[in-house]
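Each chain, written out:
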Amino acid sequence: MSIADHETTTLDELAARLDGELVRPGDRAYDEARAVWNGMIDLRPAAVARASTTEDVRAVIETARTTGLPLAIRGGGHNVAGFGTIDGGLVLDLSRIRHVDVDAAGGKVRVGGGATLGELDAATQEHGLVVPAGVVSETGIGGLTLSGGIGWVRRKWGLSADNLVGATVVTAAGEVLEVTAGSDPDLLWGLRGGGGNFGVVTELVFDAHALGPEVAFLYAVYPLASVRHVLAEHERIVDAAGDELSTIAVLGHVPPIDDFPAAIHEAPYVAVLGMYAGPADEGEEALRPLRELGELLADFSGPMPYLDAQKVYDPDYPAGHRYYWKSTNLDSLTPEVVDVLRERTLAAPSKHSTIDVWLNGGAIARVDEADTAFRGRATRYVVNPEGNWEHPDHDDANVAWARSVLSELEPHATGGAYLNFPGFLEEGDELVRASHGSNYARLAALKARLDPENLFRRNANIEPAAE
Ligand SMILES: Cc1cc2nc3c(=O)[nH]c(=O)nc-3n(C[C@H](O)[C@H](O)[C@H](O)COP(=O)(O)OP(=O)(O)OC[C@H]3O[C@@H](n4cnc5c(N)ncnc54)[C@H](O)[C@@H]3O)c2cc1C
């Protein structure tokens, strides 16, 4: 029997074992099942297993182990590098494991490993609660949390990973572990920033916080010509405002949509967006100075439902468009850095592309670097060039642009990257090591304990430490 025949038989057996569904080439659902969010990623797995239960997850892991088929784990499918799929291998798609159970009295939320941020937000807001997550509601909570998770309340309540207090993990050996700080402090440490390296997380347990239903939201758009002033004042005002205020400064071109007057369509801008994690009226006052930095192109700021604020960016990131992102860490926005940001924004081959400047600090920076696997807590600015475009003919120009932003920022960068953003491809191992820095050795030891054969390697991969 050839290896291929053997695999086919094993996949037949897997299909029979699953409560969920196994989708294979030739099946009607195959193209839909193999697609991930980034249209640049066009891979053809041997099978996509849509798992419905923890037992399904165990069956898929066992099949990958016994056949040797390479395995990809998919939560929300939003990884920019396409880690949620794989050519010729087995995809474990968790999107049917998407429950959100809120224990309002205990302030805890249990979330399926394939749930999206939108599902998490909708369920928690029914109880006036939030779990810190990201800024686009279709993103998966699994991938986002395991590598950190930064969003609109990060300076107040930290990373998503900082709020992760427990998890159900299926290991490479097929063991099901209920992980808490008491049961396995080392693994909980690793899940807080070490990515999908240690097993498949079928359930995440979070601490929740009271916020909403209405919050003060900031969305002030200035001409790019004022970028030096806007970015300098932005830093000064956010520092003075305290942890309730979390912001992102975005450089780009005004989209040609009805929300903006036609006269400014495609005008280069610098926008400051943010949320106040506290009473909306108090927030309105705290945000006001950031709306008064000079002549505005537009201002969409104001009180709004938390659920709407969590979706402000959704229309900018349709599934199936082409994306190539990078990420770098900076300590300060010197005039030289701002010149690079402005000049590269103007040079972007796609008007959909942006450079996003996340000002961190607050609760993120108050946790010691060694206390969780996530590293880079002292990083003041996470800067992400996002190449966003539609047509394959423009791939080369847009990929080159994103890389050029990074290479021009390189002399000013502090090293490593926030591993949830890069479209990877070329850096791989070196970037992962640099980003985890002094935490890498402990991560490698944990990997050797839980996944010595590196079954879970389609990710920001940690190499198992040698015996
Ligand atoms: C439009 C958009 C907006 C974004 N906004 C933010 C943001 O505001 N803040 C932020 O921090 N990041 C943001 N990101 C980055 C995002 O956190 C990463 O892309 C992340 O990988 C997405 O997780 P996912 O589950 O959707 O990805 P997937 O592609 O499904 O999974 C990526 C990898 O995560 C791991 N993984 C996922 N789920 C599990 C699980 N349950 N168990 C084990 N491993 C798992 C696997 O290694 C998998 O290969 C954004 C990305 C996009 C595309």
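Residues numbered from 1 in each chain as written. Predicted model: local features only at pLDDT ≥ 70, side-chain atom pairs only at ≥ 80, totals over all residues. Heavy atoms only, no water.

A word on the overall build of the protein
Inference 1: Along the backbone of the protein there are 14 helices and 20 strands.
Inference 2: Taking 2.2 N^0.38 as the reference for a compact globule, 467 residues should give roughly 23 Å; the C-alpha atoms of the protein span a radius of gyration of 22 Å, in line with that estimate.
Inference 3: Principal axes of the C-alpha set define a box for the protein whose edges measure 70 × 55 × 40 Å.
Inference 4: Expressed as a percentage of its 467 residues, the buried residues of the protein come to 58%.
Inference 5: Looking at the protein alone, contacts between residues at least 24 apart form 74% of all its contacts between residues at least 6 apart.
Inference 6: Total accessible area on the protein stands at roughly 17700 Å², and carbon and sulfur atoms take up 50% of it.
Inference 7: Measuring between centres, the 38 positive side-chain charges of the protein sit 2 Å from its 70 negative side-chain charges. (Helix = DSSP H or I, 4+ residues; strand = E, 2+ residues; numbered from the N terminus. Rg over C-alpha atoms; globule rule 2.2 N^0.38 Å. Buried < 20%, exposed > 50% of the residue type's maximum accessible area, 1.4 Å probe, protein only. Contact = heavy atoms within 4.5 Å. Areas by Shrake-Rupley, 256 points an atom, 1.4 Å probe, with all protein chains shown as cover. Lys, Arg positive; Asp, Glu negative; His and termini not counted. Charge placed at Lys NZ, Arg CZ, Asp CG, Glu CD.)

Topic: the packing of helix 11 (residues 335-347) against helix 12 (residues 395-409)
Inference 1: Across the interface, helix 11 lies against helix 12 with an axial gap of 10 Å and an inter-helix angle of 165°. When the axes of helix 11 and helix 12 are compared, the pair comes out roughly antiparallel. Helix-helix and strand crossings are classified by hand; for helix 11 and helix 12 the assignment is right-handed. Across the interface between the two elements, V337, V340, L341, E343, R344 and A347 of helix 11 pack against W401, S404, V405, E408 and L409 of helix 12.
Inference 2: A class-by-class count of the residues in the contact of helix 11 with helix 12 yields seven nonpolar, one polar and three charged. (Axes fitted to C-alpha atoms, helices over the stretch in contact; angles between N-to-C directions. Parallel < 35°, antiparallel > 145°, perpendicular 65-115°, else oblique. Left-handed = near helix turned anticlockwise from the far one by under 90°. Nonpolar A, V, L, I, M, F, W, Y, C, P; charged D, E, K, R; others polar.)

Some words on the nonpolar core
Inference 1: Within the largest apolar cluster, 42 residues are counted, with the highest numbers of intra-cluster contacts made by W152, L211, F217, V221, L273, M275 and Y313.
Inference 2: Mapped onto this core, the elements with two or more residues apiece are strand 12 (214-223), strand 13 (245-253), strand 14 (268-276), helix 10 (306-309) and strand 17 (322-325).
Inference 3: Those residues in contact with M275 that sit more than four places away from it in its chain are W152, V153, L211, V215, A216, F217, E244, L245, S246, Y306, A309 and Q310. (Core = buried A, V, L, I, M, F, W, Y, C linked by side-chain atoms within 4.5 Å.)

Regarding helix 12
Inference 1: Look at helix 12: 22 Å from first C-alpha to last across 15 residues, which is about the 21 Å you get at 1.5 Å a residue.
Inference 2: When we look at burial in helix 12, the residues that qualify are D395, N398, V399, W401, A402, S404, V405, L406 and L409.
Inference 3: Buried residues in helix 12 make contact with strand 17, strand 18 (328-330), helix 11, strand 19 (354-359) and strand 20 (381-389). (Expected span 1.5 Å × (residues − 1).)

Considering the confidence of the model for the protein
Inference 1: Summing up the model confidence of the protein, the mean pLDDT is 96 and the portion of residues at 70 or higher is 98%.
Inference 2: When pLDDT is averaged over each element of the protein, strand 10 (residues 200-207) comes out on top at 99 and helix 1 (residues 3-17) at the bottom at 84. (pLDDT = per-residue confidence, 0-100.)

Focus on the pattern of salt bridges
Pairs may arise between side chains of opposite charge once their charged atoms sit close together.
Inference 1: The final tally for this structure, using the stated rule, is 31 salt bridges.
Inference 2: Among the salt bridges present, the one from R322 reaches D395, with a minimum N-O distance of 2.7 Å. With R322 in strand 17 and D395 in helix 12, this pair connects stretches of sequence that are 73 residues apart. Taken as a pair, R322 and D395 share a single burial class, namely buried.
Inference 3: Linked through salt bridges whose partners overlap, the residues forming this network are E21, E32, R50 and R96. (Salt bridge = Lys/Arg side-chain N within 4 Å of Asp/Glu carboxyl O.)

With respect to the packing of aromatic side chains
Inference 1: Applying the stated rule across the entire model yields 13 aromatic pairs.
Inference 2: A ring pair is formed by W37 and Y323, whose centres lie 3.9 Å apart and whose planes are at 20°; its orientation type is stacked. In this pair, W37 is assigned in the loop between helix 2 (30-34) and strand 2 (47-50) and Y323 in strand 17, connecting sequence segments 286 residues apart. Like W37, the residue Y323 is buried in the burial classification.
Inference 3: Relative to F217, the ring of W152 has its centre 5.2 Å away and its plane inclined at 90°; by these criteria the two rings are edge-to-face. Taken together, the residues W152 in the loop between helix 5 (141-146) and helix 6 (154-157) and F217 in strand 12 connect sequence positions 65 residues apart.
Inference 4: Through successive ring pairs, a cluster of aromatic residues spans W37, Y313, Y317, Y323, W325, W358, F374, Y418 and F421. (Phe/Tyr/Trp six-rings, centres within 6.5 Å; stacked < 30°, edge-to-face > 60°.)

Some words on the site of the ligand
Inference 1: Among the 35 residues in the neighbourhood of the ligand, the closest are listed as G75, G77, V135, I150 and Y418.
Inference 2: In terms of residue count, the dominant contributor to the shell around the ligand is helix 5 (four residues).
Inference 3: Among the residues making up the shell around the ligand, the classes are represented as 16 nonpolar, 17 polar and two charged. (Near = heavy atom within 4 Å.)

Digging into the layout of surface pockets
Inference 1: Reported here for the largest pocket is a volume of approximately 600 Å³.
Inference 2: As for the largest pocket, its lining consists of 27 residues, of which Y219, P255, I257, P315 and D316 are closest to the centre.
Inference 3: Mapped by element, the contributors of at least two residues to the lining of the largest pocket are strand 12, strand 13, strand 14 and strand 19.
Inference 4: Of the residues forming the lining of the largest pocket, the biggest block, three residues, is contributed by strand 14.
Inference 5: Considered class by class, the residues forming the lining of the largest pocket number 17 nonpolar, six polar and four charged.
Inference 6: As a volume, the second largest pocket reaches approximately 360 Å³. (1 Å grid on protein atoms, 1.4 Å probe; cavity = no way out; pocket = protein on both sides within 12 Å on 5 of 7 lines; lining within 4 Å. Points joined across faces, edges and corners; volume = space filled by probe spheres on them.)

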